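Here is how the chains run, residue by residue.
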Amino acid sequence: MYVSDRPEGIERILFSEEQLKEKVAEIGRALTEEYDGKDPLFVCILKGSTVFFADLIREVKCRLEIDFFRASSYSGTKTTGSVEADESGLPDIKGRDVVLVEDIIDTARTLSRLKEIFLRHEPKSLKIVSLLDKPSRREVEGFSADYLGFEIEDLFVVGYGLDCDQQFRNLPYIGIYKP
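**Q** So what's going on with the overall build of the protein? Which residues, and what values?
**A** Along the protein, the regular secondary structure elements total three helices and 11 strands. Counting from the amino terminus, helix and strand elements in the protein follow one another as β-β-β-α-β-α-β-β-β-α-β-β-β-β. Principal axes of the C-alpha set define a box for the protein whose edges measure 50 × 35 × 25 Å. In the protein, which comprises 179 residues, the proportion classed as buried is 47%. Looking at the protein alone, contacts between residues at least 24 apart form 67% of all its contacts between residues at least 6 apart. Split by element, the accessible area of the protein, about 9200 Å² in all, is 45% carbon and sulfur. Computing the positive centroid from 25 side-chain charges and the negative centroid from 34, the protein places the two 1 Å apart.

The structure is reproduced here in structure tokens:
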């Protein structure tokens, strides 16, 4: 059910479509500068990062390859406490410049686990890009993204690929969700 221009449960818009476009373009420019003349592999962490990933790779103006990797630690609005990641789905990254693209860093358990997995496969370099970061929820000390869009408070957000029980991914903005 929609209330005015927002679905029911969306308290307010945190980042507009325009703000997201500007930030993605800014990150794309920085990645273009870093990887110009190289052949990086950009890996989308499924599913939440898909919208951000699609927009981001179009802003990176140099040669690149893409792949996808599934990892999850959420059910509804709560973290499960465990990270599900099937290492058999990992692309061949040995000797490659790898860029992991994630939607949000919360506790950092998921990305910390993914970083361990990817580093075991000996990439030339490994960088992490995240659209959002919630440092107040960090459980892995000192963990941060190499490229970051926005830092946010401890809010449950949806839209622009982020979901609650697979809903709201298609919103063109990021909104605060209150069930």
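**Q** Tell me about the packing of aromatic side chains, and please be specific about residues and values.
**A** Counting across every chain of the model gives six aromatic pairs. Cluster of aromatic residues (ring-pair linked, three or more members): F156, F168 and Y177. The ring of F150 is capped by K23, whose NZ or CZ atom sits 5.2 Å from the centre of that ring.

**Q** Give a description of helix α3 (residues 109-120) that names residues and reports values.
**A** In this model α3 runs 17 Å from its N-terminal to its C-terminal C-alpha over 12 residues, within 8% of the 16 Å that 1.5 Å per residue would give. Following α3 by one or two positions, E122 adopts a phi angle in the positive range, close to 55 degrees.

**Q** Let's hear about helix α1 (residues 17-35): which residues, and what values?
**A** Residues separated by three or four positions in an α-helix point in the same direction, a consequence of the helix having 3.6 residues per turn. Compared with an ideal rise of 1.5 Å per residue, which puts 19 residues at 27 Å, α1 spans 27 Å between its outermost C-alpha atoms and is within 8% of the ideal. Taken together, the buried positions of α1 are L20, K23, V24, A25, I27, G28, L31, T32 and Y35. The positive-phi residue at the C-terminal boundary of α1 is G37, with phi of around 85 degrees.

Thresholds applied
- Residues numbered from 1 in each chain as written.
- Predicted model: local features only at pLDDT ≥ 70, side-chain atom pairs only at ≥ 80, totals over all residues.
- Heavy atoms only, no water.
- Helix = DSSP H or I, 4+ residues; strand = E, 2+ residues; numbered from the N terminus.
- Buried < 20%, exposed > 50% of the residue type's maximum accessible area, 1.4 Å probe, protein only.
- Contact = heavy atoms within 4.5 Å.
- Areas by Shrake-Rupley, 256 points an atom, 1.4 Å probe, with all protein chains shown as cover.
- Lys, Arg positive; Asp, Glu negative; His and termini not counted.
- Charge placed at Lys NZ, Arg CZ, Asp CG, Glu CD.
- Phe/Tyr/Trp six-rings, centres within 6.5 Å; stacked < 30°, edge-to-face > 60°.
- Lys NZ or Arg CZ within 6 Å of the ring centre and 35° of its normal.
- Expected span 1.5 Å × (residues − 1).

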